[in-house]
Amino acid sequence: MSTNDSVEATTPAPHEESRGWGIAAVTVVSLAAVFVVLWGISQHASMVMPAFLALNLVIAAQPLQKLLERAGLPRWGGMIIVLLVLYLILAALVGMLVWAVWIAAEEIPQYQDKFTELYEQSIEFLGTFGVSQDQITSTLSGIDPQAIMGTVQNVAGQLSSAGGMLTVLVIALTFLVFDIPGIARRRGHIARQRPRLVDSLTSFSDGIKSYWIVSTVFGVIVAVMDVVALLILGVPLALVWGVLAFVTNYIPNIGFVLGLVPPALFALLTGGPVDAIWVVVVYCVINLVMQSFVQPKFTGDAVGLTPTVTFLSLVFWSSIAGALGAILAVPLTLAVKAFLVDADPRMRWFSTFLTTPDAEAKRGRRRAAQMAAAEPTTEITAPVTAPGPDREEQPAD
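Now for a look at the structure at hand.

What counts and how
- Residues numbered from 1 in each chain as written.
- Predicted model: local features only at pLDDT ≥ 70, side-chain atom pairs only at ≥ 80, totals over all residues.
- Heavy atoms only, no water.
- Core = buried A, V, L, I, M, F, W, Y, C linked by side-chain atoms within 4.5 Å.
- Buried < 20%, exposed > 50% of the residue type's maximum accessible area, 1.4 Å probe, protein only.
- Helix = DSSP H or I, 4+ residues; strand = E, 2+ residues; numbered from the N terminus.
- Contact = heavy atoms within 4.5 Å.
- Salt bridge = Lys/Arg side-chain N within 4 Å of Asp/Glu carboxyl O.
- Patch = residues over 30% accessible without salt bridge, like charges linked within 9 Å, V, L, I, M, F, W, Y side chains within 5 Å.
- Areas by Shrake-Rupley, 256 points an atom, 1.4 Å probe, with all protein chains shown as cover.
- Lys, Arg positive; Asp, Glu negative; His and termini not counted.
- Charge placed at Lys NZ, Arg CZ, Asp CG, Glu CD.
- Expected span 1.5 Å × (residues − 1).
- Bend = angle between axes of the 7 residues up to and from the residue.
- Phe/Tyr/Trp six-rings, centres within 6.5 Å; stacked < 30°, edge-to-face > 60°.

Met49, Leu86, Leu173, Phe204 and Trp212 are the most contacted members of the largest nonpolar core, which has 51 residues in total. Secondary structure elements with two or more residues in this core: helix 2 (23-43), helix 3 (45-60), helix 5 (75-107), helix 9 (159-178), helix 11 (195-233), helix 15 (307-327) and helix 16 (329-342). With 9 residues, the top contributor of residues to this core is helix 3. Not counting the four nearest positions on each side in its chain, Phe204 is found in contact with Phe52, Ile59, Pro331, Leu334, Ala335 and Ala338.

Written as structure tokens, this is what we have:
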């Protein structure tokens, strides 16, 4: 058979359908799978999100465990210390939140009359612009001052749900910390089969460490600066708003606004518009400088997500998983990027829409530096390895 005959035999006729799935079928099945996964996450967010948060905390604590092992501590001793440190951090965070809610629940009722008075004054002020009192009242009928204050006071009533998630978090932390040696062994097996997947997981873990450590440090700095400013301005519950500023620092983009509204409102109630304006100005200056100029310099190398992707991920994951989804928006996006984009060479083009222009170049330089640091060890240990009794020496080329 000639070459032309074989080519003609393998070429499908014009009326024949191509084998395999078409692009439309692949798209429909992929979207259906994504929908099912996201629906499952939303239905079981109270278990999935705490477990993912536990994974983030264990990854962020890896430098501490490596430091303890280099100091001569046995591996099991380092794991116990890391677990105790994570427990203490969780206990301190939960203690601060419970204290802040408790203090707010005790102090807020005495400002309810002032809030109602401010509400009525606002309606009268809007009426001076030619809008009738009835129109303003009907428009704002759903805004009840007592309901707003009652919502703030009833936050403590939802601690039962938070307690269940905290239980899942503690259990997941325990198992993950003691499973670290097993994870290291599995990583070695995966490296031999899927080296690019291991590289993407390494970038994911680097991003997680940088994100949580830097966010925590800058959260403390911002909270302290906010508390000092509020104390100088005489705003009540300054320490409570400092705790709120620390927690909302983990929420990208809009966390600053969430932490600003309550102290600005209380400054308006107690000191008038001038104090409220000063609170807004001070918060804007502190957060603009720290979160927009300083903090990205430390997290940009490892995370590298564009501001647009960060904001869209916040909206998306908060709609899927609620408050924990908002806090974990960046880590969740990094996980999706690691498994679906970085691990597949065919999806490298899509990474350009997710990361900053220099993020991939910095990642490549970091990877090259890590490989260069590992080369001297390989060169020293390679000549020592002698052929075993059942292994034949291969002749040199």
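This is not the end of the story, as more comes after the structure.
This part takes up the environment of Cys284. Residue placement: Cys284 occurs in helix 14 (residues 273-299). Separated by 24 residues in the primary sequence, Cys284 and Leu260 place their C-alpha atoms 8.7 Å from one another.

Next up on the list: unusual backbone geometry. Among all residues save glycine, negative phi is the norm, and among peptide bonds the norm is trans. The backbone of Leu237 shows a phi angle near 60°, a positive value even though the residue is not glycine. Turning to its location among the elements, Leu237 is positioned in the loop between helix 11 and helix 12 (238-248).

This part is about the pattern of salt bridges. A complete count under the given rule lists 2 salt bridges for this structure. Notably, a salt bridge pairs Arg75 with Glu69, separated by 3.7 Å at the nearest N-O pair. Overall, Glu69 belongs to the partly exposed group, its relative accessible area being 31%. A salt bridge links Asp342 to Lys337; its shortest N-O distance comes to 2.9 Å. For the pair Asp342 and Lys337, a shared accessibility class is recorded, and that class is buried.

Attention now moves to a negative patch on the surface. A grouping of Asp113, Glu117, Glu120 and Glu124 is seen on the molecular surface, where their side chains present a negatively charged patch. You can see Glu117 is positioned in helix 6 (residues 112-127).

Here helix 15 contains 21 residues, and its C-alpha end-to-end distance of 16 Å is more than 12% below the 30 Å for a straight helix at 1.5 Å per residue. Ala321 marks where helix 15 bends most, by close to 150°.

This part covers the packing of aromatic side chains. Tallying each qualifying case throughout the model produces 5 aromatic pairs. For the ring pair Trp212 and Tyr250, a centre distance of 5.4 Å and an interplane angle of 45° mean the geometry is tilted. With a gap of 38 residues between them, Trp212 in helix 11 and Tyr250 in the loop between helix 12 and helix 13 (255-271) connect regions that are remote in the sequence. In this structure Tyr250 comes out as buried when scored by relative accessible area, which is 10%. Both rings, one in Phe246 and one in Tyr250, keep their centres 5.6 Å apart while their planes meet at 80°; by these two values the pair is edge-to-face. Taken as a pair, Phe246 and Tyr250 share a single burial class, namely buried. Through pairs of rings, three or more aromatic residues link up here, namely Tyr211, Trp212, Phe246 and Tyr250.

Function-wise, these values are silent; they only describe arrangement.
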